[in-house]
Structures are given as structure tokens and as C-alpha cells.
Amino acid sequence: MGITLNRDHLSGFLRKEDYKKIAPALKKAHEALHAKKGPGNDFLGWLDLPGRVSGAFLKELDGLAAMVQNNSDALVSVGIGGSYLGIRSTVEFLGGAPKLPIHYAGHNMSSEDLSGLLQRLQDRRVSIVVISKSGTTTEPALAFRILKRFMQERYGEAQLKERIICVTDGKKGALKKIADTYGFRSFVIPDDVGGRFSVLTPVGLVPLACAGVDVRGLLEGARAGQDEYGQNDPERNAAYQYAASRYLLYQKGKLIEVLASFYPNLFYVAEWWKQLFGESEGKDGQGIFPASVMYSTDLHSMGQLMQNGVRVIFETFLMIEKVSRDIVIPKDEADLDGFNCVAGKGLDFVNKKAYEATAAAHDEGDVPSLTITLSKADAFHLGQLYYFFEKAVAISGYLLRVNPFDQPGVEAYKAKMFKLLGKAA
Ligand code: PA5
């Protein structure tokens, strides 16, 4: 049970001395983070969050979830970036079919997308959770404006108050004003937790609980992560080994990290991971570019570049040890395809051999790799993985000497777009 980190395919690229050299910087980063003395120290609410979520809050969520699941057959989660990715990655990782079907809006401005959703909702009893920390983000604000009209045309005031739930700042922002004006139930996002670190706050917990996801399991795993990755001993802290390895590879010219998985239910986990690492590290002219691929599908499209292309890439494989469902490959009397060599084996056995082969081939092709393995694809291990990556990126940001908790660059396009739209900033 748990998460393991394998660094065998780094041995030709990094040496023990490399790790020894950065051990003092790693220790300093840990101390600054835990003493809350480093850059961005007013955004460290995530650090001990898993241990702080109260039983009373979880009970409140149980009540809300029971009501929503009873009066709805579709839940729409409206949000973007940190107010979207963690929710979707959790739902998809756990199989994509929670008790209450969940739909997403406000993560793009595609009229096709939203029209399609409105159509799908026509004959459904709908509830909406709208999430925005700032309360002013264009994509969810416009999607919510449209969905609110859709709901107002169907339901009376009392029903709307049961069916629209807001998750936003406790004091400021347009969404807070809307919630107060219409009397919508609202949940507060803590001030000291940034969007990309917020999956275990009401941002993730409210829609996930409403959809029927095991939020207690998620939190339990994150709590295990908080203990395990709180140790200031790189020998015993896999999150620190991961942070140190990627930092050392970056120093050696590996500028792109590709998160590679052989399990499609990890697709949105990779999307969540990209925001976490890209937004945390990409500043002051620095940052490893986080990319992702889904193998073995992408071995037939990106495999060539990975094996022989520009050599600035390292790879992090994300694997699952025990799949929940396997399929035995049947023996075929004629064996015309020549695959009786794996008859009687599970399909996952072959998938794992493909991983082993890929890691070995890429190693020879000058692409170092690490492998993070989750024993199981359940809520507990995902919670632990979220915390693993959050802790790793905080340490990694401090090693790079950037503030991993701000995102000033995200504002640049917004200022220009508001000017084009004639909207007051
Ligand atoms: O990390 C961030 O702050 C952003 O990328 C946000 O997650 C995204 O813009 C959504 O912000 P908000 O929750 O304020 O609507």
C-alpha cells in the first residue's frame, strides 16, 4: 500500500554526489517551508490542510450530498484551472462514473461545448456548483451567467437556492456578491490556499461529495502524505527525492518533463499536474516545461520524438501496481497473430511490459526517467499523490529560488482581453 518512487533509470545521468551536493539546499527549502519563512509564505494553507478538515464539515457535506443526489440527476461543476482540474482528475481517476453524473462548464469559452451541455441537461433535474476563488474569472463567470438563466427559466426561487451552490472567497469578488444577492448557499475557499493547491478545500470537496466521490478516502490519503512527505530526510521522503532529481536534471539541460502513463484514467491527473508545476515554477525566466503523454497510444505518435528527438527531455512514469479489472488473453489454436506467448496472462501484464520496455529504450535514447507507482487506483492513493506533488513542487520551487505560490503571469492576457472587451478591470 502506498506510493513508491523508482530512480533506476537515472543511474546513467545522476550520481550519488549530485544528490549529496544539493542536500543542504533541500534541507534549507524544507526548513523555510515548514517555518513559513520562504517566498509566498502567506499561501501555505495547503501544507497542513489534510489534517485540519473537520468532521463537522464532512457531516455538512454528507447532508448537502444527500439533498443534491436526491433532487438531481445531473451535477454541473463550473470552474477553470485550479477550480476545475482537481475535480475532473479525481472523478476520471476513480472511473468517471460517480453516483451523480457530473458535467463540466466554464473551463473554456466554446459555444459548441456549452450548447451541447445545455441540450444534454434539457431532460435532467440539475444542480450546479460554481467555483471561483477570485470570483471574477471570465470563463466560469460567463458560463454561470448562461446556466443561471437556464436554471431561472426552469425553477422557482426556493428551488434555485437548493440547486445552486457557490464556492468562492469569504468576503470579496463578484461570485460572493451573486451568492449573497440571490441567497445561494456558499462555501468559503481559504485565503491562504492558491487555486492549484485547492483540491482538498471546498473547491474540490463540495462538488466531489455532491457527485458521491469518497472524499474521506481522498483526505485520509492526503493525511498519510502529509506525514510521509513531512520528513526532513531526503532518504525517507520520496517527494523530496523527486524534487531533487528533477532539479538536478534541469541543471543538466533537461528542460522538459513528460509525465507518461499507461493508464487512461490518469489523463486528467496529468492535466492537474501540469497546472501545478507549470504555474508554480514557470517564472523569472525559469521552470521545467511540464508536458504529458498517454502510452501506449502515444508511443505510436510521440514515440519517435521521445526516442530520437531533441534531447532536453526527461520522463516521469506514473504507474498503477494493481489494476481493479484485468482481462485474461485467450489462447488461440491457430495463433496466426503469434501472441500465444502471452495467452493466459492478463492484458495488464503486457501493458506493464510495454512500460518496462519504454523506460529501457528511452534510457538508451538519452531520456532519463523516474517512476512513481501507486499501489491501487483508489481515492486514498490519489489523495496521497496530490499531496506528494504539492509538497514536491513547493520544494522544487524553493530550489529554483522562485515563489512557487503566485502566478502573476496569468494576469497578462486577462488585462489585454478586458481592454478588448471594454470591461472594467
Ligand atoms: O492558479 C490559479 O490561480 C489560476 O490558474 C486559477 O486556478 C484559475 O484562473 C481559476 O481562478 P478562479 O478560481 O479565481 O476563478
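Structural data are supplied above this passage.
The rules behind the values
Residues numbered from 1 in each chain as written. Predicted model: local features only at pLDDT ≥ 70, side-chain atom pairs only at ≥ 80, totals over all residues. Heavy atoms only, no water. Core = buried A, V, L, I, M, F, W, Y, C linked by side-chain atoms within 4.5 Å. Buried < 20%, exposed > 50% of the residue type's maximum accessible area, 1.4 Å probe, protein only. Helix = DSSP H or I, 4+ residues; strand = E, 2+ residues; numbered from the N terminus. Domains from an automatic or database assignment. Contact = heavy atoms within 4.5 Å. Pairing = 2+ DSSP bridges. Axes fitted to C-alpha atoms, helices over the stretch in contact; angles between N-to-C directions. Salt bridge = Lys/Arg side-chain N within 4 Å of Asp/Glu carboxyl O.

**So, the nonpolar core**
- Ranked by size, the top nonpolar core spans 106 residues in total, and within it Leu33, Trp46, Val206, Tyr242, Ile372, Leu385 and Phe389 carry the most contacts.
- Here this core gets twelve residues from one element, more than from any other, and that element is helix H14 (residues 379-399).
- Looking at which domains feed residues into this core, each of domain 1 (3-39 + 220-399) and domain 2 (49-216) supplies at least three.
- Ignoring sequence-local partners within four residues, the contact set of Trp46 consists of Leu33, Asp192, Val193, Phe197, Tyr387, Glu390, Lys391, Ala394 and Phe405.

**A closer look at the sheet that holds strand S2 (residues 74-78)**
- Read from one edge of the open sheet, five strands run S3-S2-S4-S5-S6, paired in parallel fashion. Both edges of this open sheet fall to strand S3 (102-105) and strand S6 (185-188), since each of them pairs with a single strand only. When the angles between neighbouring strand axes are averaged without regard to direction, this sheet yields 20°.
- Relative to S3, S2 is paired through four bridges, and the arrangement is parallel. Among the inter-strand pairings, Val76 is bridged to a residue of S3, identified as His103.

**Let's talk about the pairing of strand S5 (residues 164-168)**
- Most of S5 is tucked away, with five of its five residues classed as buried.
- By the alternation rule, side chains of S5 split into Ile164, Cys166 and Thr168 and Ile165 and Val167, which are all buried.
- Pairing between strand S4 (residues 126-132) and S5: five bridges, direction parallel. Note that in S5 the partner of Ile131 across the bridge is Val167.
- Sheet topology note: the S5/S6 ladder contains four bridges and is parallel. Pairing of Thr168 across the sheet is with Val188, part of S6.

**Some words on the pattern of salt bridges**
- All told, the structure shown has 23 salt bridges when counted by the stated rule.
- We note a salt bridge from Glu60 to Arg185, for which the minimum N-O separation is 3.6 Å. Separated by 125 residues along the polypeptide, Glu60 in helix H2 (residues 55-71) and Arg185 in strand S6 bring together distant segments of the chain.
- Glu411 is paired through a salt bridge with Lys414; the nearest N and O atoms lie 3.6 Å apart. Of the two residues, Glu411 and Lys414 both sit in helix H15 (residues 410-421), three residues apart, roughly one turn of that helix.
- Glu411 sits in the partly exposed class, given a relative accessible area of 43%.
- Taking relative accessible area as the criterion, Lys414 reaches 17% and is therefore assigned buried.
- Several salt bridges share partner residues, and in doing so they unite Arg15, Asp18 and Lys252 into one network.

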